[in-house]
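The lines below spell out each chain.
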Amino acid sequence: LSLVLLLSMMLLFMRWQGSPRGGTLIAAGIVAGAMVLTRYAAVGLVGGAGLFLLTRSAPVSKRLGRALAFGVPALLPAAVWFIYILLDGGESNRRSVAFHLPNWQHAVGLVKTGLLWLSPAWPNMGFFVMVLIAGLGGLAMREHPRPWLRWRAAPFPLLAWLGGAYFVFLLFSITFIDFYTPLNYRILAPVFVCVVLFSLPVVENAFQKARTQKWVLVLLVLVGFSYLIGFAQRSEEYFRQGNHYTSAAWVESPTLSWVQDFPLEGQVYTNGPDPIRLFHRRYNGLFMLPARVEVTSQIRNPDFSRDMEELHQKLQKGRAVVVYFDTIERRSLPSADDLLSRFSDIPSKRFEDGLVLGHAVP
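Structure report, in brief. Here the structure is a predicted model, which is why all the values come from computation and not from measurement.

Quick notes on the rules
Residues numbered from 1 in each chain as written. Predicted model: local features only at pLDDT ≥ 70, side-chain atom pairs only at ≥ 80, totals over all residues. Heavy atoms only, no water. Pairing = 2+ DSSP bridges. Helix = DSSP H or I, 4+ residues; strand = E, 2+ residues; numbered from the N terminus. Core = buried A, V, L, I, M, F, W, Y, C linked by side-chain atoms within 4.5 Å. Buried < 20%, exposed > 50% of the residue type's maximum accessible area, 1.4 Å probe, protein only. Contact = heavy atoms within 4.5 Å. Patch = residues over 30% accessible without salt bridge, like charges linked within 9 Å, V, L, I, M, F, W, Y side chains within 5 Å. Areas by Shrake-Rupley, 256 points an atom, 1.4 Å probe, with all protein chains shown as cover. Salt bridge = Lys/Arg side-chain N within 4 Å of Asp/Glu carboxyl O. Arc of directions from axis to C-beta. Phe/Tyr/Trp six-rings, centres within 6.5 Å; stacked < 30°, edge-to-face > 60°. Axes fitted to C-alpha atoms, helices over the stretch in contact; angles between N-to-C directions. Parallel < 35°, antiparallel > 145°, perpendicular 65-115°, else oblique. Nonpolar A, V, L, I, M, F, W, Y, C, P; charged D, E, K, R; others polar. Left-handed = near helix turned anticlockwise from the far one by under 90°. Expected span 1.5 Å × (residues − 1).

Our next topic: the pairing of strand β4 (residues 348–351). One face of the sheet, then the other: side chains in a regular strand alternate in exactly this way. Direction of pairing for β4 relative to strand β5 (residues 354–357): antiparallel, over a ladder of four bridges. Considered in β5, the bridge of Ser-348 is made with Leu-357. Counting the residues between successive antiparallel strands, the hairpin from β4 to β5 contains two residues.

Our next topic: the nonpolar core. Membership of the largest hydrophobic core comes to 36 residues, with the highest contact counts inside it found for Leu-6, Met-9, Phe-13, Met-35, Phe-70 and Leu-162. Counting residues per element, the ones that place at least two in this core are α1 (2–18), α2 (22–38), α3 (43–54), α4 (60–88), α7 (156–177) and α8 (189–207). Once you skip the residues sitting within four places of it in the chain, Met-9 turns out to touch Ala-28, Val-31, Ala-32, Met-35, Phe-70 and Leu-162. If you look at the next biggest cluster of nonpolar residues, it comprises 17 residues, including Phe-304, Ala-336, Leu-339 and Leu-355.

Right, let's talk about a nonpolar patch on the surface for a bit. There is a patch of nonpolar side chains on the surface, built from Val-97, Phe-99, Leu-101, Phe-172, Phe-176 and Ile-177 and spanning about 590 Å² of accessible area. Relative to the helices and strands, Val-97 resides in the loop between α4 and α5 (104–118).

Backbone geometry at His-244 places phi at a positive 55°, although glycine is not the residue there. Position of His-244 relative to the elements: it lies in the loop between α9 (210–241) and α10 (248–251).

Another point: helix α12 (residues 273–280). Among the residues of α12, Pro-273, Pro-275 and Ile-276 are the ones counted as buried. The arc that holds the buried residues of α12, viewed along the axis, is 165°, so those residues lie on one side. Buried residues along α12 sit in contact with α10, α11 (254–261), β1 (267–270), β2 (286–288) and β3 (320–325). One or two steps after α12, the chain reaches Arg-281, where phi turns positive at roughly 55°.

Next up on the list: the packing of aromatic side chains. Following the criterion strictly, the structure yields 13 aromatic pairs and no others. Each residue in the set Tyr-40, Phe-99, Phe-169, Phe-172 and Phe-176 is aromatic and connected to the rest through ring pairs, giving one cluster.

Of all six residues in β3, six are buried; the element is thus mostly enclosed. Covered by surrounding structure in β3 are Ala-320, Val-322 and Tyr-324 together with Val-321, Val-323 and Phe-325, the residues of both alternating faces. Where β1 lies against β3, four bridges are found, and the strand directions are parallel. Across the sheet, the residue bridging to Gln-267 is Ala-320, located in β3.

Let us look at the packing of α2 against α3. The N-to-C vectors of α2 and α3 enclose an angle of 160°; their axes lie 9 Å apart at closest approach. One finds that α2 runs roughly antiparallel with respect to α3. Facing Leu-25, Ala-32, Met-35 and Val-36 of α2, the residues of α3 in contact are Val-43, Leu-45, Val-46 and Leu-53. Residue composition of the contact of α2 with α3, by class: eight nonpolar, no polar and no charged.

As a further point, take the packing of α1 against α2. Think of two packed helices as two axes; the pair is described by the angle between the axes and how far apart they sit. Taken N-terminus to C-terminus, the directions of α1 and α2 make an angle of 165°; their axes are 9 Å apart at the nearest point. With respect to α2, the element α1 is oriented roughly antiparallel. Between α1 and α2 lies a crossing of left-handed hand. Here Ser-2, Leu-5, Leu-6, Ser-8, Met-9, Leu-12, Phe-13 and Trp-16 of α1 lie close against α2, whose contacting residues are Thr-24, Leu-25, Ala-27, Ala-28, Val-31, Ala-32, Ala-34, Met-35 and Thr-38. Tallied by class, residues from the contact of α1 with α2 come to 13 nonpolar, four polar and no charged.

With that out of the way, let us pick up helix α13 (residues 304–316). Here α13 spans 18 Å end to end across 13 residues, near enough to the 18 Å set by a 1.5 Å rise per residue. Taken together, the buried positions of α13 are occupied by Phe-304, Asp-307, Met-308, Leu-311, His-312, Lys-314 and Leu-315. Mapping the buried residues of α13 onto a view down its axis gives an arc of 165°, with all of them on the same face. Lining the buried residues of α13 we find β1, β3, α14 (336–342) and β5. With its phi angle positive at about 75°, Gly-318 sits one or two positions after the end of α13.

Written as structure tokens, this is what we have:
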């Protein structure tokens, strides 16, 4: 959904460039606001669009007016949602600000994502495609030593601002907010859209040159064939095994079956509230297990021991049950072994894919 909204916002901006009207910018802002609600990192896309408007050639007052016409409708839905979260309260979600620069794992994830973009079926072939692209870029530079002068026309600046601002926002989020934001193909999907649209006119221009035409053809065949094979492989995998919560591992989960067969009273503490809500339509009384460290910054939670002791007391009194799924890995939460060790006096039952603790366990 976020990518559909992104493409819609791009289309509105391109229409505005052809016919500058305030109503078009307001419509683009509304679409951008909906996009922020689908993915928090879309704030970077909104910022990139705002910078694009501020850098267009016009008097300063007009630039600011355009930015406000777009920015106010874009940020209003996010502000309403933020106020709703503050008023609603809900369970504690510790997200303190801390300084943690991206590490080598982020760099490795970024390289792997780039290789998957170039060759999803055989990522190693992405290195060859990358070398081929570099060679074509070198030939293009020989013919046009300053190609960026040709990219000043729309939509190149828009794509550059959107993709660049989104990526910078991700780095900011990793550094100060959520250290475990992965630079994988899912989170970088908006950048992929910008890169593809940015490259299309470049590829078309290179294909028209006799010197580079055959190399561009080889590049398109390699990349296209890899995408075709990758699509077939993923489609077969989804057809036979399902995808995530639709897969057999979840549909036939013994732990989930136990939850369904034994209606739970009181509070349920778990590392996976989503599958319980999805499969058994239970929404009230679901709580995440106490966190050992803060989810985003990995700073030690000083209240962990106290929270675990309170949970222990609830389990002893039969007011709570713990449901733990082995298939969900959350490193900030205690493991199954930690739970069994700390709550050794509480009845428990082990399954192939999980664990339950509490006096409701038969």
